[in-house]
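Descriptive structure summary
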Amino acid sequence: MFDRDTEGVRIELRSLTKHYPGQPAPAVDDVTLDIPAGELVVLVGPSGCGKTTTMKMINRLVEPSSGEIRIGGQDVLGLNPDQLRRHIGYAIQQVGLFPHQTVAQNIGLVPKLLGWSADRINARVEELLSLVSLEPSLFRDRYPRQLSGGQQQRVGVARALAADPPVMLMDEPFGATDPITREHLQNEFARLQKQLRKTIIFVTHDFEEAIKLGDRIAILRERSHIAQYDTPAAILAAPADDYVAGFIGQDGTLKRLALLSVADVTPALPPDTRLPQVSADASLREALDLMLSHGTDKCSSPTGVLTYASLCEAVGAPAEAVVSGDR
Amino acid sequence: MSFGEYVVSRWDTLSLAAAEHAMVVAIAMAVATAVGVLIGLLFYDSPRARGGAIAASAAVLTVPSLALLTLLIPITGLGWGSTLVALTAYAFLPIIRNTVTGLRGLDAATVEAGRGMGLSRTRVLLQVQLPLAWPLILTGVRVSAQMLIGIAAIAAFVDGPGLGTQIFEGLSRLGSVNSLNATLAGTLGIVVVAILFDLFFFAVSRLTTPRGLRVRS
Ligand SMILES: Nc1ncnc2c1ncn2[C@@H]1O[C@H](COP(=O)(O)OP(=O)(O)O)[C@@H](O)[C@H]1O
Ligand SMILES: [Mg+2]
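Residues numbered from 1 in each chain as written. Chains lettered and ligands numbered in written order. Predicted model: local features only at pLDDT ≥ 70, side-chain atom pairs only at ≥ 80, totals over all residues. Heavy atoms only, no water.

Looking at an unreviewed UniProt entry, chain B carries the name Osmoprotectant transport system permease protein, with the source organism given as Nonomuraea fuscirosea. Turning to chain B, the UniProt record has this under Sequence similarities (unreviewed entry): "Belongs to the binding-protein-dependent transport system permease family." (UniProt positions renumbered as here; feature names shortened; annotations may be inferred.)

The name given to chain A in an unreviewed UniProt entry is ABC-type quaternary amine transporter, with Nonomuraea fuscirosea as the source organism.

What follows is the structure, given as structure tokens:
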């Protein structure tokens, strides 16, 4: 359907507007947004700002009032909506698994619609269950009511990935789980996307989740107006205005440290085994935490010694003041 | 003649009447289920259409059966015709109402997920909504059937089939030999037919309720 079949393709929204009948103002007003191929873009904003409406226009569950949508160069509004949706993965907060079908039947639904052979569907179901960390032999024949909330969300993601679509739309897909399960699902999903490189539009009202998962973040105001659209690091480093700054909160610098890993920093000295030890793939935030808890301004990793000054430098703060100011 | 001797001596008449009773209810139920579920599927999503269908089927139920049967005689005549028409008309309300309630009561996310994956509206209705609403629809059908088994006794009034003839015979010859036996045989026969229908529906419900809806977490 799109020019590339499974790897990400570019999505372009042009002056996209939705005015629900009987509403005084449009829910989405003149949104223009480019989503590069293979990137995960998070739409983040307060409840009711039009995130879901914007997303649902892309698979035409909501018909735009005006504007254009192009996926991989194709004009989406000229396609048959049912055909289109079979090539766009869709996962939502409430999951919406079919309770009368087994996990395998739920996952195999779109491949079946696309005419895959039974053997190919079976193999794909096994592959996807393993991918979302559910043991196929244990889970394929279960029914949704026999799964926990977190397991249902995993199956929901597997189902959205089933036909290996180039584009995925995800509307708060981990929203309905407890914080621990949620964090676990986010980490797994981030790892998954590193391999898959789909083009993903991910909706959330949770800024932490946006920073964690997004290659880029679009911070939305009411009516889906874009307040800032950039990489997490760029948004944290230079919020466009007070609205964005409000979203980031008081600990923007800590959040930036969390985005950088120990390996990103050039070490000041060779590794030193007498200092507190941190792993090379830990975040700078974890490194700082370690220093604070040991009351030192240094720690060491397999790549070398990390100082408080180098952390300051990493977030672009004037390091001299700390190094020279012997307070 | 004792009741037992009565039943033995009239076994052929009684069993034929019981079979006819079951038959007329079964035919009326088959028609009403097919039409009622179809009406539910077509109208459940439109407030005006579903309201109209439910109001109309409820209105029919308020007409006393004796009156309805009498009014039908000029059109469908005496016997099976009028009986079938009246019974079918009475069966609609529980079937249509439960179909509408079942289809509307589903989790909206299930339907949205189906549409979002590229199932057409018809496919979602037939492959997702209908199976999920089925247990409730079947309950409506079962209620209708129990109701019709009782109402069908009155069909004897228009010379219709069934066990009602026994009951009316007893009533019209009250005090004479066997009048009580006839009424009792008719009544017990209806109870037996009702039990058999219920067993049938129990089996159907076990066989047709999707397994995923019966499992416990
Ligand atoms: N089907 C609809 N009909 C009318 N108004 C709607 C509909 N869906 C959403 N809205 C309105 O549009 C606005 C944006 O909603 P939504 O896109 O769901 O926001 P979000 O996902 O950011 O919470 C809200 O004010 C909501 O009330
Ligand atoms: Mg929403």
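Structure's up, so let's keep going.
This brings us to the pairing of strand S11 (residues 298-301) of chain A. All names here are of chain A. Sheet analysis places S11 next to strand S12 (residues 304-307), joined by four bridges and oriented antiparallel. The residue bridging Lys298 from the neighbouring strand is Thr307, located in S12. Hairpin remark: S11 followed by S12, antiparallel, with two residues in the connecting loop. (Pairing = 2+ DSSP bridges. Helix = DSSP H or I, 4+ residues; strand = E, 2+ residues; numbered from the N terminus.)

Let us look at the domain arrangement of chain A. The assigned domain composition of chain A is domain 1 (11-249) and domain 2 (260-315). When each unit is reduced to the centre of its C-alpha atoms, the spacing between domain 1 of chain A and domain 2 of chain A is 36 Å. (Domains from an automatic or database assignment.)

Under the local residue numbering, the UniProt record ascribes the feature "domain: ABC transmembrane type-1" (unreviewed entry) to residues 18-201 of chain B. Between the end C-alpha atoms of residues 18-201 of chain B there is a gap of 18 Å, over a span that is 82% helix and 0% strand.

Attention shifts here to the state of the cysteines. All names here are of chain A. Following the criterion strictly, the structure yields zero disulfides over all chains and no others. No disulfide involves Cys312; its sulfur sits 13 Å from that of Cys299, the nearest cysteine. Overall, the relative accessible area of 10% leaves Cys312 in the buried class. (Disulfide = S-S within 2.5 Å. Buried < 20%, exposed > 50% of the residue type's maximum accessible area, 1.4 Å probe, protein only.)

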